[in-house]
Amino acid sequence: MGKLGQRMEDYLEAILVISKDNKVVRVTDVAKKLGVKKPSVVVALKKLKEQGLIIQERYGYIELTDEGKKVAEEIYKRHVTLLSFFTKVLGIPEEQAEQEACVMEHYLSQESLDKLESFVERLKKKCPGFFSD
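Computed from a prediction, not measured in an experiment: that's the story for all the values here.

## Focus on helix 3 (residues 38-50)
So, point 1. For helix 3, with 13 residues, the first-to-last C-alpha span of 18 Å sits near the 18 Å given by 1.5 Å per residue.
So, point 2. Within the span of helix 3, buried status applies to Val-41, Ala-44, Leu-45 and Leu-48. The arc enclosing the buried residues of helix 3, seen along the axis, measures out at 105°, which places them on a common side. Every exposed residue of helix 3 that faces more than 90 degrees away from the buried side is listed here: Pro-39, Lys-46 and Glu-50.
So, point 3. At its buried positions, helix 3 is contacted by helix 1 (6-21), helix 2 (27-34), strand 1 (54-56) and strand 2 (62-64).
So, point 4. Of the residues one or two after helix 3, Gly-52 is the one with positive phi, at around 75°.

## Focus: the pattern of salt bridges
So, point 1. Inspection of every chain in the model, using the stated rule, returns seven salt bridges.
So, point 2. The partner of Glu-117 in a salt bridge is Lys-77, with the nearest N and O atoms 3.6 Å apart. Here the residue Glu-117 occupies a position in helix 6 (residues 110-126), and Lys-77 occupies one in helix 4 (residues 66-89), the gap between them amounting to 40 residues.
So, point 3. According to the relative accessible area criterion, Lys-77 is partly exposed, its value standing at 38%.
So, point 4. Glu-111 serves as the salt-bridge partner of Lys-115, at 3.4 Å between the closest nitrogen and oxygen.

## As for the packing of helix 2 against helix 3
So, point 1. Close contact between helix 2 and helix 3 brings their axes to 9 Å; oriented N to C, the two are set at 110°. Taken together, helix 2 and helix 3 sit at an angle that is classed as roughly perpendicular. Between helix 2 and helix 3, the contacting residues are Val-27, Thr-28, Val-30 and Ala-31 on the first element and Lys-38, Val-41, Val-42 and Leu-45 on the second.
So, point 2. For the contact of helix 2 with helix 3, the residue count by class is six nonpolar, one polar and one charged.

## Observations concerning the packing of aromatic side chains
So, point 1. Under the counting rule described, the total for this entry stands at two aromatic pairs.
So, point 2. Arranged with centres 6.2 Å apart and planes meeting at 55°, the rings of Phe-85 and Phe-86 form a pair that is tilted.
So, point 3. By relative accessible area, Phe-86 is classed as buried at 6%.
So, point 4. Summarising the aromatic geometry, the rings of Phe-85 and Phe-119 are spaced 6.1 Å apart at their centres and angled 70° between planes, so their arrangement reads as edge-to-face. Here Phe-119 lies in helix 6 and Phe-85 lies in helix 4, a separation of 34 residues in the sequence.

## Considering the nonpolar core
So, point 1. Formed by 22 residues in total, the largest nonpolar core has its most connected members in Leu-12, Ile-15, Val-30, Leu-45, Leu-48, Ile-54 and Ile-62.
So, point 2. Those elements that provide at least two residues to this core are helix 1, helix 2, helix 3, strand 2 and helix 4.
So, point 3. If one sorts the elements of this core by residue count, helix 1 sits on top with six residues.
So, point 4. If we ignore the near neighbours within four places in the chain, the residues touching Ile-15 are Val-25, Val-30, Leu-45, Leu-48, Ile-54, Ile-62 and Leu-64.
So, point 5. Among the nonpolar cores identified, the runner-up in size contains eleven residues, and Phe-85, Ile-92, Leu-108 and Val-120 belong to it.

What counts, and where the lines are drawn
- Residues numbered from 1 in each chain as written.
- Predicted model: local features only at pLDDT ≥ 70, side-chain atom pairs only at ≥ 80, totals over all residues.
- Heavy atoms only, no water.
- Helix = DSSP H or I, 4+ residues; strand = E, 2+ residues; numbered from the N terminus.
- Expected span 1.5 Å × (residues − 1).
- Buried < 20%, exposed > 50% of the residue type's maximum accessible area, 1.4 Å probe, protein only.
- Arc of directions from axis to C-beta.
- Contact = heavy atoms within 4.5 Å.
- Salt bridge = Lys/Arg side-chain N within 4 Å of Asp/Glu carboxyl O.
- Axes fitted to C-alpha atoms, helices over the stretch in contact; angles between N-to-C directions.
- Parallel < 35°, antiparallel > 145°, perpendicular 65-115°, else oblique.
- Nonpolar A, V, L, I, M, F, W, Y, C, P; charged D, E, K, R; others polar.
- Phe/Tyr/Trp six-rings, centres within 6.5 Å; stacked < 30°, edge-to-face > 60°.
- Core = buried A, V, L, I, M, F, W, Y, C linked by side-chain atoms within 4.5 Å.

Below, the structure written as structure tokens:
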């Protein structure tokens with residue numbers, strides 16, 4: 001995963017998140033989600049396609065390959081864990097927590113992530129109401 005780089009990971013995660021809400025993922029959707037211009041998305045998608053992480057016919061819908069989905073889900077899991085920790089445990093406002101989770105998800109070691117997930121899961125079991133919205 002580290003070989004991709006932060007921006008490429010952001011693109012994969014965006015495609016995954018968009019696909020959870022929409023039947024199809026388009027270049028326009030990704031550009032809007034990431035706050036970038038469509039030509040930037042096209043360049044990034046070409047790189048992801050070359051790495052076998054997405055499937056996209058010329059000007060067509062974007063789909064994650066099995067490997068792309070696996071990588072994207074790992075990135076998203078990191079994001080959700082950090083966001084939950086920041087908002088629920090540390091009380092950081094949602095918008096700030098979202099921004100910080102986006103940055104940290106790319107640099108957190110697997111060991112640290114595993115420990116953080118374990119900590120959050122133990123808290124959820126001890127204080128389930130604490131984590132409800």
